[in-house]
Amino acid sequence: MMMGGKNKKEEERDDESAEERINAMSFNHDASCVVVSTGTGFRIVRVDTGDVVHRFDVIGPMRLCELLRNTRLVACVGDGGGMDTPDLSPRRLKILNVDWQTLIADLAFRTTIRNVKMNRHVLVVCEDEETTVFEMKGLTKVMNVPQRKNVKGVAAINSDAVSACDFSSTKKSNDEEEIKEGETTTTTTTTTTTNNNN
């Protein structure tokens, strides 16, 4: 009997349990592939055949992963690896090229990342009380959207139609519309006053 530690068989069972544990699943835009986030990494599986296209089972526990359409880009959020593996913090988002097995970007956030959505134009990252929108080209931050507590990370974007310009121009368009309405009201009031004097 071993005291104060696990024997080899117990460690092997723990490793197998972590590999079998599924933390999240996410389909790409046309549901042709699914990304499975596990206790040891992630896998990309073709839905029609069940073939594993990419398998990364030794990078550590993944909280969630998102595949960009049918490309080689995957956004990953770790499930926490403790002090020994700060790279797996749930507050960090990594974008990987799975074909080249290279890190494209590593973004840090203030709180736990609850959800990630991507299309060809934008990257949307949901935290508890804030959603951040990035332009995919260059990963330029477009805007931050305050929100009520969203611990389940509820979010959705159109697979194609939404662009970074739509987000960045929304406030400007609303302001311009209000100005136009104000100008119309002023003109109407002036006209009415003139008619009364006659």
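Residues numbered from 1 in each chain as written. Predicted model: local features only at pLDDT ≥ 70, side-chain atom pairs only at ≥ 80, totals over all residues. Heavy atoms only, no water.

Caption draft 1: Summary view of the overall build of the protein chain. In terms of regular secondary structure, the protein chain is built from 2 helices and 12 strands. Each helix (α) and strand (β) of the protein chain, taken in turn from the N terminus, gives the series α-β-β-β-β-β-β-β-β-β-β-β-β-α. Scored against the burial criterion, the 198 residues of the protein chain give a buried share of 35%. Relative to all contacts within the protein chain whose residues are 6 or more apart in sequence, the contacts with residues 24 or more apart total 32%. When the accessible surface of the protein chain is split by element, carbon and sulfur atoms take 51% of a total near 12600 Å². (Helix = DSSP H or I, 4+ residues; strand = E, 2+ residues; numbered from the N terminus. Buried < 20%, exposed > 50% of the residue type's maximum accessible area, 1.4 Å probe, protein only. Contact = heavy atoms within 4.5 Å. Areas by Shrake-Rupley, 256 points an atom, 1.4 Å probe, with all protein chains shown as cover.)

Caption draft 2: Fine view of the environment of Leu 139. Relative to the helices and strands, Leu 139 is located in the loop between β11 (130-135) and β12 (140-146). In this structure the C-alpha to C-alpha distance between Leu 139 and Ala 105, which are 34 residues apart in sequence, comes to 8.6 Å.

Caption draft 3: Representation of the sheet that holds strand β4 (residues 52-56). Strand order across the open sheet formed by 4 strands is β1-β2-β3-β4, with antiparallel pairing between neighbours. Taken across any chain shown, the strands that pair with only one partner, and hence form the sheet edges, are β1 (22-27) and β4. Put simply, the sheet's adjacent strands are angled 15° from each other on average, direction ignored. Two strands pair when backbone bridges link them, and β1 and strand β2 (residues 33-38) are joined in this way by 5 bridges, in the antiparallel orientation. Among the inter-strand pairings, Phe 27 is bridged to a residue of β2, identified as Val 34. (Pairing = 2+ DSSP bridges. Axes fitted to C-alpha atoms, helices over the stretch in contact; angles between N-to-C directions.)

Caption draft 4: Up close: the pattern of salt bridges. Evaluation of the coordinates by the stated rule reveals 10 salt bridges. Notably, a salt bridge pairs Asp 48 with Arg 46, separated by 3.1 Å at the nearest N-O pair. Accessibility expressed as a relative area gives 31% for Arg 46, which makes it partly exposed. Put simply, Asp 128 and Arg 114 hold a salt bridge, and the shortest N to O gap is 2.5 Å. Pair noted here: Asp 128 is in the loop between β10 (122-126) and β11 and Arg 114 is in the loop between β8 (102-108) and β9 (115-118), with a separation of 14 residues, a long-range link. Classification of Arg 114 as partly exposed rests on a relative accessible area of 23%. If you follow the salt bridges from partner to partner, you end up with Arg 43, Arg 55 and Asp 57 in one network. (Salt bridge = Lys/Arg side-chain N within 4 Å of Asp/Glu carboxyl O.)

Caption draft 5: Examining the side chain of Thr 112 more closely. Within the fold, Thr 112 resides in the loop between β8 and β9. Here Thr 112 falls in the buried class, since its relative accessible area comes to 17%. Once residues lying within four places of it in the same chain are set aside, the contact partners of Thr 112 are Arg 63, Pro 90, Arg 91, Cys 126, Glu 127 and Asp 128.

Caption draft 6: Main features of the sheet that holds strand β6 (residues 73-78). Taken together, the 4 strands give an open sheet; going across it, the order is β5-β6-β7-β8, and neighbouring strands pair in antiparallel fashion. The open sheet is flanked by β5 (62-67) and β8, the only strands paired with a single partner. Each adjacent strand pair in this sheet contributes to an overall mean axis angle of 20°, direction not counted.

Caption draft 7: The nonpolar core, seen in detail. Grouped together as the largest cluster of nonpolar side chains are 17 residues, with contacts concentrated most on Leu 93, Phe 109, Ile 113, Val 116, Met 118, Leu 123 and Val 125. Within the residue set of this core, elements represented by two or more residues are β6, β7 (92-97), β8, β9 and β10. Apart from residues lying up to four places away in sequence, Ile 113 is in contact with Arg 63, Leu 64, Val 77, Pro 90, Arg 91, Arg 92, Leu 93, Val 125 and Cys 126. With 13 residues, the next largest nonpolar core counts Phe 56, Cys 65, Leu 67 and Val 98 among its residues. (Core = buried A, V, L, I, M, F, W, Y, C linked by side-chain atoms within 4.5 Å.)

Caption draft 8: Fine view of unusual backbone geometry. Phi at Ala 31 is positive, roughly 60°, even though this residue is not glycine. Following the sequence through the fold, Ala 31 ends up in the loop between β1 and β2. The phi torsion at Gln 101 lies on the positive side, around 55°, for a residue other than glycine.

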